[in-house]
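Here is how the chains run, residue by residue.
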Amino acid sequence: MALVTAESLKPELEMFDVNCQDEAVLDKMVEKCICNRIQADEMVLEWVAYSATKSGLKLTMETLEQFEHDILNKKVKKREGETYNRHRDIHTLQDIIKAEEEEENLLDSYSTPAKGSQKRALTTPEHPHSKRSAALLVSPGLLLSPASFSPSLTPSQKYSQRGGKGEVVVTFGAVQGTRWLGRKDPSSEVQLELLEGPEDSLRCSYKYMFQRLRDVRNVLTEKIEELGEGLRTHFNIEEFSPVSLPAQDRITVLGQVCCDSNGKLNAQSVLLEAGPEQGGQQVPVDLSELQEYSLFPGQVVVIEGMNTTGRKLVASKLYEGVPLPFYSSNIKMETGEEPLNVLVACGPYTPSDSLTFDPLLDLISVIVRDRPDVCLLLGPFVDSKHEQIEKAQVTESFETIFSRCIESIVDGTKSVGSRLVFVPSQRDIHHHFIYPQPPFTLPNLSKEQAQRVMLVPDPCTLLIDGVTFGLTSTDILFHMGAEEISCGTGSDRFSRILKHMLTQRSYYPLYPPVEEVNMDYEKFQSFGQMPLTPDILIMPSELRYFIKDVVGCVCVNPGRLTKGQVGGTYSRLLIQQSSASQDGKRVSPCLAAQVVKI
């Protein structure tokens, strides 16, 4: 089905002698088509009928808004109330339509039409359609109609009947009286770039499955040495002792936490594996004398304790990691500058029981309403865990579904002018499922569209108007939550895991990774580490949404836009680069943040 564009609207308007030279009005009509799930010809017909009842109303931005309020919103509500019970294959449906059209034509050739029964056909000579084909033709309403992708035309009933739409479920900062809109001045350019620069970032796909065990070992060794040096300097430790050397005095050792078997880590199965400089051996660790600890496999730690036999280290003190410094900008912030509105959403963008992109269309409507300056959209866009994809029930290629999804987002937000950032996911079935993951490729984007779109890898660190964002779509919270052990810490598990990420200076500090994460360690060493502590860390998860301040970094789990068959959540943030510190302390650039139900 053809995409609704300004070019496709112009000939339809000219057919009814409706003059419209204003590009902004045309863009607004395209936006209404996408948001209200109707085609260009249907939109024009509705407008002509509406303007005729209003004594030939002229097409302007104001009358278009009035038209949407009076006509389009009622059509959407009527469509939501309808139920569809068609479960036929798309090709079978088209064959039935064709056969019935031929039957109608044959009967027409043997009969004389009654006088006055002829009506003007609203078709062109190139594309004649009967009433029946117009009523039953596949995907009559929208680019993202489910009939394009799946034989099941049934929209998700649970999603459409969800409650609490627009309800704020989490707040952070000074949200009282906050104006959740983008900047009034559309000419103010948003600075949006990768912190490392394009030459030092993962920009394209690469060859994987060629790494050797020796290379993996080298990467892990360098990580132990680098973090160990930071700990030694911070805590003024003279030197590290070999882990397996018997000593009658207290020793300080450096190493990586690991498990003594393939099972889950527990207090009795903790091993400390040293780097080559400290002997490269493993020694069991006795944690019974520690008052509090939080450990996970792959964590680089410094432990002080006794190892009289060389076979077991009795820990008496555990040194925590040290986070990197925050970003400091040399650019001075202009006084009176408005804060930036950033919207964050994470897939899947369809309910689990249907391939309708209704949640995505609702998100586009939110973007059009709130006009955020930047939209951070994380995958999966075509979810490999979707029921119909797992059962091979789609009728188009995954790449085609993805392209239509992105085109709808870009075209639906054209009049708003928001900058769009797309982050891939390990669950995107059409993309490389390797970590670190290269950015999407969208060769069909026009030059005008490409100016608003930014394609970034997973993970990455973004710089938005002097504020650093750490982004990863991989569910590290869920993975580490299943492996971490703790005792007497007094803090919640989310805060502990987030602090581990910041102090280990990595977007994925867990080793070995879970089975579903295919790690390329050479690329991970270059592109999976945190170059600094981000001001804001975005990490969507299957676990409950939250917004937390952890060692000065605002960590956001926006949740997923859909949770099974029902609607999920998205997040919005107001950010402003801090001009000065208060009492010598750093001021967070995140003024306010919320998690909202779609």
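Residues numbered from 1 in each chain as written. Predicted model: local features only at pLDDT ≥ 70, side-chain atom pairs only at ≥ 80, totals over all residues. Heavy atoms only, no water.

J.: Before we move on, could you go through the overall build of the protein chain and cite the residues and values that matter?
T.: A count of helices and strands for the protein chain gives 15 helices and 22 strands. Expressed as a percentage of contacts within the protein chain between residues at least 6 apart in sequence, the contacts between residues at least 24 apart total 74%. Looking at the protein chain as shown, the accessible area adds up to about 29,100 Å², and 50% of this sits on carbon and sulfur atoms. (Helix = DSSP H or I, 4+ residues; strand = E, 2+ residues; numbered from the N terminus. Contact = heavy atoms within 4.5 Å. Areas by Shrake-Rupley, 256 points an atom, 1.4 Å probe, with all protein chains shown as cover.)

J.: I'd love a proper account of the nonpolar core, names of residues and values included.
T.: The biggest cluster of nonpolar side chains holds 59 residues, and the ones touching the most others in it are Leu363, Leu377 and Phe381. Sequence-distant contacts of Leu363, that is, excluding residues within four places in its chain, are made with Leu343, Ala345, Tyr349, Leu377, Leu561, Tyr570 and Ile598. Counting 33 residues, the second largest nonpolar core, distinct from the first, contains Ile464, Val467, Phe469 and Val556. (Core = buried A, V, L, I, M, F, W, Y, C linked by side-chain atoms within 4.5 Å. Buried < 20%, exposed > 50% of the residue type's maximum accessible area, 1.4 Å probe, protein only.)

J.: I'd love a proper account of the packing of helix H2 (residues 23-36) against helix H11 (residues 398-412), names of residues and values included.
T.: Between H2 and H11, the shortest axis-to-axis distance is 9 Å and the interhelical angle comes to 135°. It follows from the interaxial angle that H2 and H11 lie oblique. Our pair here, H2 against H11, has a crossing hand that is left-handed. Residue-level contacts link Val30, Glu31 and Ile34 of H2 to Ser408, Asp411 and Gly412 of H11. Across the contact of H2 with H11, the residue classes tally to two nonpolar, two polar and two charged. (Axes fitted to C-alpha atoms, helices over the stretch in contact; angles between N-to-C directions. Parallel < 35°, antiparallel > 145°, perpendicular 65-115°, else oblique. Left-handed = near helix turned anticlockwise from the far one by under 90°. Nonpolar A, V, L, I, M, F, W, Y, C, P; charged D, E, K, R; others polar.)

J.: I'd like to hear about H11, residue by residue, with values.
T.: Under the 1.5 Å per step criterion, the end-to-end length of H11 is 21 Å for 15 residues, consistent within 8% with the ideal 21 Å. Where H11 is buried, its residues contact H2, helix H9 (358-370), strand E10 (374-378), strand E11 (419-423), helix H12 (447-452) and strand E12 (453-455). (Expected span 1.5 Å × (residues − 1).)

J.: Which residues make up the pairing of strand E7 (residues 300-307), and what values go with them?
T.: Counting buried positions along E7 yields seven of eight residues, so the element is predominantly enclosed. Bridging between strand E3 (residues 247-259) and E7 involves seven bridges; their strand directions are antiparallel. The partner of Gly255 across the bridge, within E7, is Val301. In this structure, E7 lies alongside strand E8 (residues 313-319), joined through five bridges in antiparallel fashion. Residue pairing across strands places Val302 opposite Tyr319, the latter belonging to E8. What sits between the antiparallel neighbours E7 and E8 is a turn of five residues, in which Gly310 has the positive phi angle 85°. (Pairing = 2+ DSSP bridges.)

J.: Which residues make up the sheet that holds E10, and what values do they have?
T.: Strand order across the open sheet formed by seven strands is E1-E22-E21-E9-E10-E11-E12, with mixed pairing between neighbours. Looking at strand neighbours, the two that pair on one side only are strand E1 (168-173) and E12, the edges of this open sheet. Shown here is a sheet whose adjacent strand axes are inclined to one another by a mean of 15°, direction ignored. With three bridges connecting them, E11 and E12 associate as parallel partners. When the bridges of E12 are listed, Val421 appears paired with Met454. Contacts between H11 and the sheet are confined to E10, E11 and E12, with E11 contributing the most and set at about 160° to the helix.

J.: Break down the packing of H2 against H9 for me, with residues and values.
T.: At their nearest, the axes of H2 and H9 sit 9 Å apart, and the two run at 145° to each other. Touching Lys28, Glu31, Ile34 and Cys35 of H2 are Leu361, Ile364, Ser365 and Val368, all from H9. Classifying every residue of the contact of H2 with H9 by side-chain character gives five nonpolar, one polar and two charged.

J.: Which residues make up the sheet that holds E7, and what values go with them?
T.: Pairing is mixed in the closed barrel, where five strands are placed in the order E3-E4-E5-E8-E7. The average angle at which neighbouring strand axes cross in this sheet is 55°, direction not considered.

J.: How would you sum up unusual backbone geometry? Please name residues and give values.
T.: Cis geometry marks the peptide bond from Gly347 to Pro348, where omega comes out at 10°. Its place among the elements puts Pro348 in the loop between strand E9 (340-346) and H9. Cis geometry is found at the peptide bond from Tyr511 to Pro512, where omega equals 0°. If you trace the backbone, Pro512 turns up in the loop between helix H14 (493-504) and helix H15 (521-527). Its identity is not glycine, yet Asn236 carries a phi of approximately 55°, on the positive side. Structurally, Asn236 is set in the loop between helix H8 (213-234) and E3.

J.: Explain the environment of Val423 residue by residue, including any values.
T.: Tracing the backbone shows Val423 in strand E11. Residue classification places Val423 among the buried residues on the basis of a relative accessible area of 0%. In this view, Val423 contacts Leu377, Leu378, Gly379, Phe381, Phe440, Val456, Pro457, Asp458, Leu471 and Ser473; residues no more than four positions away in its chain are not counted.

J.: If you had to explain the side chain of Asp383 to someone new, which residues and values would you point to?
T.: Mapping Asp383 onto the fold places it in the loop between E10 and helix H10 (387-390). The exposure class of Asp383 is buried, given its relative accessible area of 7%. Within polar-contact distance, the side chain of Asp383 engages the backbone nitrogen of Lys385 at 3.1 Å. Excluding anything up to four places from it in sequence, Asp383 contacts Pro348, Ile389 and Arg427. (Polar contact = N/O pair within 3.5 Å; in protein donor to acceptor, adjacent residues only side chain to side chain.)

J.: If you had to explain the state of the cysteines to someone new, which residues and values would you point to?
T.: Counted under the stated rule, the structure contains zero disulfides. Left unpaired, Cys35 is separated from the closest cysteine sulfur, that of Cys33, by 9.6 Å. Cysteine Cys590 remains unbridged, with the sulfur of Cys553 as its closest cysteine sulfur at 9.9 Å. On the accessibility criterion, Cys590 (5% relative accessible area) is buried. (Disulfide = S-S within 2.5 Å.)

J.: Summarise the pattern of salt bridges; cite the residues concerned and give the values.
T.: Side chains that differ in sign of charge can pair as their charged atoms come close. In total, this model carries 27 salt bridges according to the counting rule given. Here Arg179 ties to Glu338 by a salt bridge, and the two come within 4.0 Å at their closest N and O atoms. On the criterion of sequence distance, the pair formed by Arg179 in the loop between E1 and strand E2 (192-194) and Glu338 in the loop between E8 and E9 is long-range, its members being 159 residues apart. On the accessibility criterion, Arg179 (39% relative accessible area) is partly exposed. Glu338 sits in the partly exposed class, given a relative accessible area of 28%. Here the salt bridges share partners, and the residues they tie into one network are Lys28, Glu31, Lys32, Glu65 and Glu68. (Salt bridge = Lys/Arg side-chain N within 4 Å of Asp/Glu carboxyl O.)

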